[in-house]
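Report on the structure
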Amino acid sequence: MFAKETYVQRRALLKKQIGSGILLFLGNDDCGLNYEDNAFRYRQDSTFLYYFGISAPGLSAIIDVSEDKEIIFGDELSIDAIVWMGAQPTLREKCERVGISEVIPAADITSYLHRYTSKGKSVHYLPPYRPEHKLKLMDWLGIAPAQQAGSVPFIRAIVAQRNYKSAEEIVEIEKACNVTADMHIAAMKVLRPGMYEYEVVAEMNRVAESNNCQLSFPTIATINGQTLHNHYYGNQVKPGDLFLIDAGAEVESGYAGDMSSTLPADKTFTARQREIYEIQNAMHLESVKALRPGIPYMDVYDLSARVMVEGLKAVGLMKGNAEDAVREGAHALFYPHGLGHMMGLDVHDMENFGEVWVGYNGQPKSTQFGRKSQRLAIPLEPGFVHTVEPGIYFIPQLIDKWRSEKNFTDFICYDKVETYKDFGGIRNEEDYLITETGSRRLGKKIPLTPDEVEALR
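Residues numbered from 1 in each chain as written. Predicted model: local features only at pLDDT ≥ 70, side-chain atom pairs only at ≥ 80, totals over all residues. Heavy atoms only, no water.

Examining helix H9 (residues 197–210)
In this model H9 runs 20 Å from its N-terminal to its C-terminal C-alpha over 14 residues, within 8% of the 20 Å that 1.5 Å per residue would give. Here the buried face of H9 lies against helix H8 (167–190), strand S8 (214–215), strand S9 (220–222) and strand S10 (242–247). (Helix = DSSP H or I, 4+ residues; strand = E, 2+ residues; numbered from the N terminus. Expected span 1.5 Å × (residues − 1). Contact = heavy atoms within 4.5 Å.)

Let's talk about the pattern of salt bridges
Oppositely charged side chains can pair when the atoms bearing their charge come close. Within the structure shown, the criterion is met by 37 salt bridges. A salt bridge links Lys-421 to Glu-418, with the shortest nitrogen-to-oxygen separation between them at 3.2 Å. Measuring nitrogen to oxygen at the nearest pair gives 2.9 Å for the salt bridge that ties Lys-445 to Glu-452. Note on Glu-452: relative accessible area 31%, which makes it partly exposed. Overlapping salt bridges, with partners in common, bring together Asp-400, Arg-403, Asp-415, Glu-418 and Lys-421 in one network. (Salt bridge = Lys/Arg side-chain N within 4 Å of Asp/Glu carboxyl O. Buried < 20%, exposed > 50% of the residue type's maximum accessible area, 1.4 Å probe, protein only.)

Re the nonpolar core
By size, the foremost hydrophobic cluster in this structure holds 130 residues, and its most contacted members are Phe-25, Ile-276 and Phe-334. The greatest single-element share of this core, amounting to 11 residues, is contributed by H8. Here this core gathers at least three residues from each of two domains, domain 1 (4–162) and domain 2 (167–455). Residues in contact with Phe-334, not counting those within four places in the same chain, are Met-308, Leu-312, Leu-317, Met-318, Gly-391, Ile-392, Tyr-393, Phe-394, Ile-412 and Val-417. Formed by 17 residues, the second largest nonpolar core is a distinct cluster that contains Ile-62, Ile-71, Phe-73 and Leu-113. (Core = buried A, V, L, I, M, F, W, Y, C linked by side-chain atoms within 4.5 Å. Domains from an automatic or database assignment.)

So, the domain arrangement of the protein
How big an interface is tends to be expressed through the accessible area that disappears when the partners come together. Splitting the protein by domain gives domain 1 (4–162) and domain 2 (167–455). Spacing between the C-alpha centres of domain 1 and domain 2 amounts to 35 Å. At the interface, 17 residues of domain 1 touch 18 residues of domain 2. The junction of domain 1 with domain 2 conceals about 1,500 Å² of combined surface from both sides, 53% of it contributed by carbon and sulfur atoms. The interface formed by domain 1 and domain 2 includes 5 salt bridges. Taken together, the links from domain 1 to domain 2 amount to 9 residue pairs in polar contact (both at pLDDT 80 or more). Where the side of domain 1 that touches domain 2 is concerned, the elements lending two or more residues are helix H1 (4–18), helix H2 (46–52) and helix H7 (152–162). The element contributing the most residues to the side of domain 1 that touches domain 2 is H7, with 6 residues. (Buried area = accessible area lost by both parts, 1.4 Å probe. Polar contact = N/O pair within 3.5 Å; in protein donor to acceptor, adjacent residues only side chain to side chain.)

Structure (structure tokens):
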């Protein structure tokens, strides 16, 4: 939690941007894992955290812009709850710490909203991403779940604030990045043939928890790096395998880190692994060199893809003009995801609002395979925090599909590609802050080049 003034100032700026109406904030509730009292780890809604700073279930809030009122709706703990959970500051005390003086019982929000809507006043709300949010909006505002798109002016006003990270936010993000780096370094040191993936995951979890951190997303740690989001950890690592890790820590304040690394199961890469790894490394390093205010991140994505095509041409996997290949989408056989995304209180920051508002400023996204997965396209600005994570993958099912359809035969050397179907995938990822003059990596450096990785093995 930051100082009271931080939250007061954030709400004041939001009110100024919106101008009128009522702003509705839905906090997250507890969610049962397999029965009500055995719950998933509680995580407050990030926008609620950003403006109100209180991480507790059962809360909602209203900012009445026209009447300059700020209200939190929630209930004090009952004696039964205190017996199980222990004594803690009261809800009113928590609210006072963030500059909120008006606290109303949770159930009263229904009648409160009905009074305003009956007068024809507009209520701005955000797109719901949890079932209980959808039910509440239906109950409170009479909006069916299928029509709960959210208020575009509200979304855009919040994005206009949260996209630009303050100095105190950067401190928190960097804490998360430092722990994230330690998680990856620990995994690099411990991995050996014969281990199971879950043993590596356990070591990473130990690092996170020993630093009072949660995970910012479910860890990816796999010998099947060609599967972009592989959350299965039951495989035994064999000599000759590549091991791909994508993992991040979340600090107590809710801010995230997100890094990826790829390493050999053995102490060194094979000649073929190193060859492809060097190409992916060039994609990454050239992308980082290009980071600066004003450059559209889609241009950096295109740069990374052209670097990959030139590299794959050199080893006989692609052919033809690199710029043409990227424009037409042939590169996506090997690079089917984007270059990166915004990061902050969410590991994919504000993704619940929709990428079109966060990374595209309301402009439509491409529908081209690969390019459509680029989450950030707008020109970079000082204060943006985002990831850089190019990758190269050999996905057997995708290779078979494209070859059978004779896709991009002017660019792809399918006979050679067939011999790489057992290769897996490579991804390396760092987190960057855009500064007034360029960019700065956040967090400790994790091994990136093949020599750096092998030196740690």
